[in-house]
Amino acid sequence: MRKSHPVRRIVLATAATVSGVVLLLTLKPATDPASAAADAVAPPPSAAAPKGPQGGAAAPGSRTLTGDVARTQYGPVQVRITVSDGRIVRAEAVQAPKGGRSDQKTALAVPRLNQEAVAAGSADIDAVSGATYTSEGYRKSLQSALDQAGRAGG
C-alpha cells in the first residue's frame with residue numbers, strides 16, 4: 001500500500017481516536033464534586049456520640065479519640081479509636097475516600113486497616129495492597145489519635 005492510501009489513513013485515524021478516548025476515560029478527577037458537597041452538609045464526626053464495641057456507650061475507663069483528617073490524593077481519611085487500659089480496643093474510619101473506584105477499594109481496605117490497628121496497638125501497620133494512599137492517610141490519622149491519647153495521660 002502506498003503511504004497516502006485512504007484505507008491506511010482511516011485505520012490510523014480510528015486507532016488514534018480510540019486511544020485518545022481510552023486515555024480520557026481512565027483519568028480520575030482530582031476531587032469528586034458529589035462527595036465534596038456531601039462533606040459540606042454532613043455533621044462533623046466529633047458530633048457523633050462515642051460508641052463501644054457492641055454499639056452502645058463506651059465502656060467505663062475507656063476513651064474515644066478522633067484523629068486529625070489526613071488529606072490523600074483520593075479524599076480525606078479520619079480514624080476514631082477507643083482506648084481502654086492503654087490499649088486500642090476499637091478502631092474505625094470515620095471518613096474514607098469516596099467515589100468511583102475508591103468506594104470499592106475503601107470497602108476492602110478499611111476493615112483490614114481497622115483490624116490491624118487493634119492487633120498492632122500502634123500506627124505501625126501494613127499498607128493494604130491497592131489502597132496505598134488510603135493506608136497512608138489512615139496511618140497518619142491513627143497516629144494523631146494515639147498522640148492525643150498520650151497527651152491525655154495514657
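Once a new chain begins, its residue numbering starts again from 1 and follows that chain's sequence as written. At least 70 in pLDDT is required for a residue's local features to be given in this predicted model, at least 80 for side-chain atom pairs to be given and counted, and no such filter applies to totals for whole chains, interfaces and linings, which use all residues. In computing side-chain values, all of the structure's heavy atoms are included and hydrogens and water are not.

Novice: Tell me about the overall build of the protein, residues and numbers included.
Specialist: When you go through the protein residue by residue, the secondary structure sums to 4 helices and 4 strands. Taking all 154 residues of the protein together, 29% fall into the buried category. The contact definition used throughout considers only heavy atoms, calling two residues in contact when any of these lie within 4.5 Å. Taking all contacts inside the protein whose residues are at least 6 apart in sequence as the whole, residues at least 24 apart take part in 46%. About 9900 Å² of surface is accessible on the protein, with carbon and sulfur atoms providing 58% of the total. Helix and strand assignments come from DSSP, with helices taken as H or I runs of at least 4 residues and strands as E runs of at least 2, each series counted from the N terminus. When a residue's accessible area, from a 1.4 Å probe over protein chains only, is under 20% of the maximum for its type it is buried; when over 50% it is exposed; and in between it is partly exposed. Here the Shrake-Rupley method, with its probe set to 1.4 Å, supplies the accessible areas, and only the displayed protein chains count as covering residues.

Novice: Go over the confidence of the model for the protein, please, and point to the residues and values.
Specialist: Close inspection of predicted coordinates is inappropriate for parts of the model with low pLDDT. With 74% of its residues at a pLDDT of at least 70, the protein reaches an overall mean of 78. pLDDT is defined as a per-residue confidence score from the predictor, taking values between 0 and 100. With pLDDT under 50 throughout, residues 32-57 is counted as low confidence; its partners more than four residues away or in other chains account for 23 contacts.

Novice: Summarise the pairing of strand β3 (residues 75-84); cite the residues concerned and give the values.
Specialist: Most of β3 sits inside the fold, with 10 of its 10 residues counted as buried. When DSSP finds two or more bridges between a pair of strands, those strands are recorded as paired. Relative to β3, strand β1 (residues 62-66) runs antiparallel, the two sharing 5 bridges. Within β3, the position partnered with T64 by the bridge is T82. Across 3 bridges, strand β2 (residues 70-72) lies against β3 in antiparallel orientation. The partner of T72 across the bridge, within β3, is G75. Of the strand pairs in this sheet, β3 and strand β4 (residues 87-95) are connected by 7 bridges, and their pairing is antiparallel. When the sheet's bridge partners are listed, I81 is paired in β4 with A91. Counted along the chain from β3 to the antiparallel partner β4, the turn is 2 residues long, and its residue D85 has a positive phi close to 55°.

Novice: An account of the environment of G67 is requested, with residue identities and associated values reported.
Specialist: Within the secondary structure, G67 sits in the loop between β1 and β2. As a C-alpha pair, G67 and V79 span 12 residues in sequence and 5.4 Å in three-dimensional space. In this structure, G67 is in contact with Q78, V79, S141, S144, A145 and Q148, ignoring residues within four places of it in sequence.

Novice: I'd like a description of the nonpolar core, backed by residues and values.
Specialist: Working definition of a nonpolar core: buried Ala, Val, Leu, Ile, Met, Phe, Trp, Tyr and Cys residues. They are joined through side-chain atoms within 4.5 Å. Of all hydrophobic cores here, the largest spans 18 residues; its most connected members are L65, I81, A91, L113, Y138 and L142. For this core, the secondary-structure elements that each account for two or more residues are β3, β4, α3 (101-120) and α4 (132-151). Residues contacting L113, with those up to four places away along its chain left out, are I125, D126, V128, T134, S135 and Y138.

Novice: Describe the environment of R112, naming the residues involved and giving the relevant values.
Specialist: Turning to its location among the elements, R112 is positioned in helix α3. Accessibility expressed as a relative area gives 46% for R112, which makes it partly exposed. Along the backbone, R112 and D126 are 14 residues apart, and their C-alpha atoms lie at a distance of 9.6 Å.

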